There are 2 protein chains.
Amino acid sequence: MEFFMNISGSLLINGQEELTTNEAIFATNPTTGNRIDIAFHTADENHVNAAAESAWNIFDDFRALPSSRRSEFLKSIANEILALGDTLINKAVEESGLPKGRIEGERMRTVNQLNLFANNIETESWRTTIIDSALPERTPPRSDLRHQKIALGPVAVFGASNFPLAFSVAGGDTASALAAGCPVIVKAHSAHPGTSWLVGKAIQKAAELTGMPPGVFSLLYGEGNTIGTQLVQHPLIKAVGFTGSRSGGLALLNIANARVEPIPVYAEMSSINPVFAYENTLTENAVSIAQGFAASLTMGAGQFCTNPGVLCYKDSPSSRAFIEKLTPIIAQSAAQTMLTPSIKNAYDNSVSDFTKITGMTLISQGSEANGPNQCQASIFQTTGDRFINNRFMQNEVFGACCVLVSCSSEAQFLEVAESLEGQLTCTVLCNEQDHNQVRPLIPVLERKAGRLVYNGYPTGVEVCNAMVHGGPFPATSNSMTTSVGSNAIERFLRPVCYQDFPNNLLPN
Amino acid sequence: MEFFMNISGSLLINGQEELTTNEAIFATNPTTGNRIDIAFHTADENHVNAAAESAWNIFDDFRALPSSRRSEFLKSIANEILALGDTLINKAVEESGLPKGRIEGERMRTVNQLNLFANNIETESWRTTIIDSALPERTPPRSDLRHQKIALGPVAVFGASNFPLAFSVAGGDTASALAAGCPVIVKAHSAHPGTSWLVGKAIQKAAELTGMPPGVFSLLYGEGNTIGTQLVQHPLIKAVGFTGSRSGGLALLNIANARVEPIPVYAEMSSINPVFAYENTLTENAVSIAQGFAASLTMGAGQFCTNPGVLCYKDSPSSRAFIEKLTPIIAQSAAQTMLTPSIKNAYDNSVSDFTKITGMTLISQGSEANGPNQCQASIFQTTGDRFINNRFMQNEVFGACCVLVSCSSEAQFLEVAESLEGQLTCTVLCNEQDHNQVRPLIPVLERKAGRLVYNGYPTGVEVCNAMVHGGPFPATSNSMTTSVGSNAIERFLRPVCYQDFPNNLLPN
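Per an unreviewed UniProt entry, chain A is named Ketoglutarate semialdehyde dehydrogenase, and its organism is Reinekea forsetii.

See the structure below:
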């Protein structure tokens with residue numbers, strides 16, 4: 001354990017710690033606003049090349065390993081993360097400003113995710129084996145044809161700011177790529193370099209313990225628009241996993257599309273996760289919905305991709321009574337520390353931009369900040385007509401900000417829904433008596449989102465087989481995939497058909 | 001039947017025949033070189049809009065139909081194509097210059113393909129239903145989560161020149177898109193507008209007979225860089241299927257990527273389908289390999305995406321003896337009519353370009369042309385060293401042209417393979433005694449191609465469950481998919497997760 005207390009701040013490349021003379025980066029403790037005095041060494045193109053080449057050189061060996069070996073590796077990563085104990089928890093709290101309980105929960109999620117993929121690949125179902133046996137008597141005869149999936153190649157993973165463990169160095173992208181047989185190079189998020197280093201060392205140690213080739217994992221620090229670009233442009237990188245902003249995701253997508261050999265980018269980007277609340281349930285359950293909605297909106301300072309940024313309802317005495325329940329809950333909500341100073345600034349600017357839009361009214365704000373980087377929850381109100389006709393009202397605000405959309409009728413919910421860009425989630429809140437109103441909305445929401453929630457809230461993404469954490473553009477860059485749950489592995493596999501191959505030449 | 005003899009040359013939009021005043025296009029009979037005097041009406045942006053809007057308007061209804069209804073529709077299309085009898089066969093022969101037997105075979109393939117998707121969707125496996133039941137006792141409780149796939153949206157299909165039936169109006173792209181629940185708009189290939197019209201009318205008739213909404217299918221004539229571009233740019237089009245040249249596919253890909261909402265393009269583009277022939281089999285089976293290879297190379301004037309354009313072997317007495325068997329077969333091969341004058345010109349230019357490359361030697365050519373648009377099969381020879389270092393030698397020549405690559409050793413096969421771009425297929429010809437030499441090549445070929453063939457030839461793509469007709473860029477624009485076989489439907493589906501939905505709001 002002692003070893004890990006001493007964070008060297010090195011790059012982690014091909015099983016080694018690499019120190020550089022490039023300008024270092026430092027984390028900020030968002031709770032105090034102070035710089036954390038550990039220098040993290042940043043990469044240059046030579047390090048990108050070294051990482052990519054070490055990944056490429058072992059790619060065929062790594063993907064050819066029996067699934068049970070990669071499974072051991074993933075389980076060992078989970079164990080090594082747990083073995084970091086409070087060293088990791090305290091570092092993540094220090095760098096993210098998130099409460100300890102939240103980080104502990106996220107660690108469990110990260111560990112469960114690694115174990116889910118570890119267990120899933122042991123069943124070999126990831127190979128999607130399909131056999132069409134030879135039909136020698138047919139005219140013309142049919143060959144023996146065997147379909148099986150193989151790993152795509154080395155994957156570049158960009159850690160997210162808001163989940164320093166579960167969507168970062170050993171998060172879902174890394175776990176699913178390694179499970180698929182793809183070596184991984186992580187570009188650490190600059191907001192939590194120490195957390196990234198600890199987890200990176202845990203992966204290095206797990207690789208050593210389970211006899212993996214060291215090129216299977218590297219961790220780089222640096223700017224997205226320099227080493228991030230170089231990584232995505234590198235000819236030996238064959239796919240990209242990203243969770244972050246729309247501008248960041250689109251930048252990587254454009255770089256990948258401009259390559260001589262374009263590669264898939266799985267970017268999870270932007271979603272305002274609309275909620276449609278129907279009359280009968282608002283009448284009957286105003287208090288519980290106000291509480292549930294406010295909790296979903298303000299949890300983690302609203303810094304979730306699935307944060308509910310829009311709430312639609314029909315203007316009526318019931319909905320007005322509901323709003324009267326909601327606004328004081330928001331007004332009493334505590335200010336919360338955001339992940340980074342720049343996220344806090346962006347939040348304030350976005351809220352300020354909303355106040356300038358004609359027809360957007362700020363109707364409630366949470367408690368004022370009493371420390372650095374704290375945000376006030378904010379709810380705005382507008383009408384369905386205005387919302388439909390003003391694209392700016394659909395801008396994602398990263399944080400606890402929501403637009404209440406007061407519609408002229410529940411039929412207008414369909415127009416609001418049609419006006420939306422692609423989403424990770426859409427939610428309906430309703431009673432049985434509302435179902436006839438709800439039914440025509442469902443096909444629209446299906447076209448708009450990867451997950452539809454009934455009488456729940458969009459935050460809280462279960463890691464399981466049926467999960468879809470994805471959705472039409474711009475929620476993600478590839479609506480046919482998910483970045484959470486078992487099917488995330490599909491992003492890093494491609495099919496190969498073997499025609500008339502003898503057993504002794506077929507892969508394991 | 002009489003009705004169909006009279007090809008009006010109209011566009012087919014939303015169940016109607018649409019005549020236009022735009023400049024018409026005419027087909028050429030490649031066998032005679034003469035224009036065929038049926039004017040085909042070309043579309044402008046209004047027709048693109050009308051087709052896209054009619055598709056969009058019925059999209060939710062069409063995708064919500066029970067699978068059995070779409071299955072009936074597909075089977076009815078197959079029946080209506082067969083009912084066209086010799087009218088269709090003769091027209092396709094006239095427009096393509098392909099022999100009647102080949103067109104009859106292709107019709108059967110087209111019909112089988114439609115029936116394959118029809119039968120497959122009846123099993124409902126296309127939905128990929130995954131259910132994670134609620135775990136109310138867990139802390140925190142787990143919701144009921146149901147994963148199911150839905151159709152992507154209206155699909156634009158670009159017919160290929162070389163399969164006027166199987167990769168055209170009612171080809172694999174159309175069949176799989178309709179099976180998935182996606183309306184289809186076909187941009188007809190200008191080389192076979194009459195064939196396209198007859199098949200388009202068969203689809204319209206089948207839609208009518210099976211009670212499909214007429215917007216489910218439209219057929220447009222016009223230039224790729226005008227109406228083709230407009231189609232791919234249209235906001236209501238959600239995916240593109242294309243089979244054709246690399247330049248054509250890349251153009252569509254760039255247009256799709258530049259949209260406000262980028263959409264997937266499934267372009268099957270360019271492949272030289274290398275064959276690696278090992279020493280022992282060349283020694284033992286020189287004659288049969290020479291015959292088999294020449295047959296695969298010259299079949300259909302070499303106008304197949306899976307045509308073998310490269311043959312590698314180790315320079316040795318055995319391989320020299322083999323070449324001596326191969327060259328006279330090529331020299332005696334009959335000249336064959338190519339699909340269009342422009343394809344014939346491109347072939348001649350490509351062969352001429354090859355003759356200008358230092359170190360490429362034309363070692364055999366087929367019989368001289370004795371009619372319009374006929375091509376001579378051509379085989380060139382070079383060395384492994386030269387091939388590895390000269391990208392131009394990897395250019396796809398559409399037609400019966402092959403580069404024989406004489407390697408210094410079988411170990412050099414690995415370098416040749418590593419130097420290749422992505423391919424649809426790679427083939428090994430070998431004996432059991434060659435297996436130890438072959439084994440290290442397999443992982444390289446897996447990374448390079450969608451289908452690996454053992455002791456066979458790449459032409460002839462079986463329509464079945466295990467088929468992969470795809471491969472890394474530039475063979476296709478998306479290596480994770482296939483355009484032939486059951487899995488082709490996956491291209492037009494995306495997953496949606498329903499959280500805690502009651503049965504009466506879940507889709508069928």
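Chemist: Which parts of the structure should I look at to understand the interface of chain A and chain B?
Modeler: Think of interface size as the accessible area that goes away when the parts come together; that is how it is often given. Chain A puts 63 residues into the contact, and the matching count from chain B is 63 residues. Together, the buried faces of chain A and chain B total about 5400 Å²; carbon and sulfur atoms form 57% of this surface. Among the residues of chain A in contact with chain B, Glu446(A), Met480(A) and Leu505(A) are the three that bury the most area, contributing 13% of the side total. Our count for the contact surface shared by chain A and chain B stands at six salt bridges. The salt bridge involving Asp60(A) is made with Arg447(B); its shortest N-O contact spans 2.8 Å. Sorting the residues of the side of chain A that touches chain B by element identifies α2 (45-64), β5 (130-132), β6 (145-151), α16 (435-438), α17 (441-448), β20 (449-454) and β21 (493-499) of chain A as the ones contributing at least two each.

Chemist: Whenever I open this one, the relation of the copies chain A and chain B confuses me. Can you help?
Modeler: Mapping one chain copy onto the other needs a rotation about an axis and a shift along that axis. When chain A is fitted to chain B, the residual RMSD is 0.0 Å, and the transformation amounts to a turn of 180° plus an axial shift of 0.0 Å. Read as a symmetry element, the transformation amounts to a two-fold axis. Taking C-alpha positions as the reference, the residue of chain A nearest the rotation axis is Asn257(A), at 3.9 Å. In this assembly the copies share their binding face: 100% of the residues contributing to the interface of chain A also contribute to that of chain B.

Chemist: Help me understand helix α15 (residues 412-419) of chain B, please; the structure alone is not making it clear to me.
Modeler: Residue and element names in this part refer to chain B. Residues Gln 412, Phe 413, Val 416, Ala 417 and Ser 419 constitute the buried set of α15. Along the long axis of α15, the arc covered by the buried residues comes to 165°, so they all point the same way. On its buried side, α15 packs onto β12 (275-277), β13 (310-314), α14 (384-389), β18 (401-407) and α17 (441-448).

Chemist: I keep staring at the sheet that holds strand β12 (residues 275-277) of chain A and nothing clicks. Help me out?
Modeler: One key point about sheets: their strands pair by backbone hydrogen bonds, in either a parallel or an antiparallel sense. Strand order in the open sheet made by the 10 strands is β15(A)-β17(A)-β18(A)-β13(A)-β12(A)-β19(A)-β20(A)-β21(B)-β6(B)-β5(B), with mixed pairing throughout. In this open sheet, the two strands that pair with only one neighbour each are β15 (361-365) of chain A together with β5 (130-132) of chain B. When the angles between neighbouring strand axes are averaged without regard to direction, this sheet yields 20°. Bridge analysis of β20(A) against strand β21 (residues 493-499) of chain B gives three bridges, and the strand direction is parallel. Bridged to Arg451(A) within β21(B) is Cys497(B). Contacting β12, β13 (310-314), β17 (378-383), β18 (401-407) and β19 (423-429) of chain A, helix α11 (residues 286-298) of chain A crosses the sheet at an angle of about 140° to β18(A). Packing against the sheet, helix α13 (residues 341-355) of chain A makes contact with β15, β17 and β18 of chain A, and its axis sits at approximately 30° to β17(A).

Chemist: Could you clarify how one ought to interpret the packing of aromatic side chains in this entry?
Modeler: Both the distance between ring centres and the angle between the ring planes are used here to describe each pair of aromatic rings. The full count for this structure, using the stated rule, is 24 aromatic pairs over all chains. With a centroid separation of 5.8 Å and 75° between ring planes, the pair formed by Tyr498(A) and Phe501(A) is classed as edge-to-face. By the burial criterion, Tyr498(A) is buried, and Phe501(A) matches it. For the pair Phe40(B) and Tyr221(B), a centre-to-centre distance of 5.1 Å together with 50° between the ring planes defines the contact as tilted. Highlighted residues: Phe40(B) in the loop between β4 (34-35) and α2 (45-64) and Tyr221(B) in the loop between β9 (217-220) and α8 (224-233), separated in sequence by 181 residues. Across this residue pair, the class does not change: Phe40(B) and Tyr221(B) are buried. Across the ring face of Trp126(A), the terminal group of Arg70(A) is positioned such that the distance to the ring centre comes to 5.2 Å.

Chemist: How should the pairing of β21(B) be read in this particular structure?
Modeler: The side chains of a regular strand alternate between both faces of the sheet. All names here are of chain B. Most of β21 sits out of view: seven of its seven residues are buried. The two faces of β21 match: Leu 493, Pro 495, Cys 497 and Gln 499 on one face and Arg 494, Val 496 and Tyr 498 on the other face are all buried. Looking at chain direction, strand β6 (residues 145-151) and β21 are connected through seven bridges and run antiparallel. Looking across to β21, one finds that Arg 146 is bridged to Tyr 498.

What counts, and at which threshold
- Residues numbered from 1 in each chain as written.
- Chains lettered and ligands numbered in written order.
- Predicted model: local features only at pLDDT ≥ 70, side-chain atom pairs only at ≥ 80, totals over all residues.
- Heavy atoms only, no water.
- Contact = heavy atoms within 4.5 Å.
- Buried area = accessible area lost by both parts, 1.4 Å probe.
- Salt bridge = Lys/Arg side-chain N within 4 Å of Asp/Glu carboxyl O.
- Helix = DSSP H or I, 4+ residues; strand = E, 2+ residues; numbered from the N terminus.
- Least-squares fit on C-alpha atoms with pLDDT ≥ 70 in both.
- Buried < 20%, exposed > 50% of the residue type's maximum accessible area, 1.4 Å probe, protein only.
- Arc of directions from axis to C-beta.
- Pairing = 2+ DSSP bridges.
- Axes fitted to C-alpha atoms, helices over the stretch in contact; angles between N-to-C directions.
- Phe/Tyr/Trp six-rings, centres within 6.5 Å; stacked < 30°, edge-to-face > 60°.
- Lys NZ or Arg CZ within 6 Å of the ring centre and 35° of its normal.

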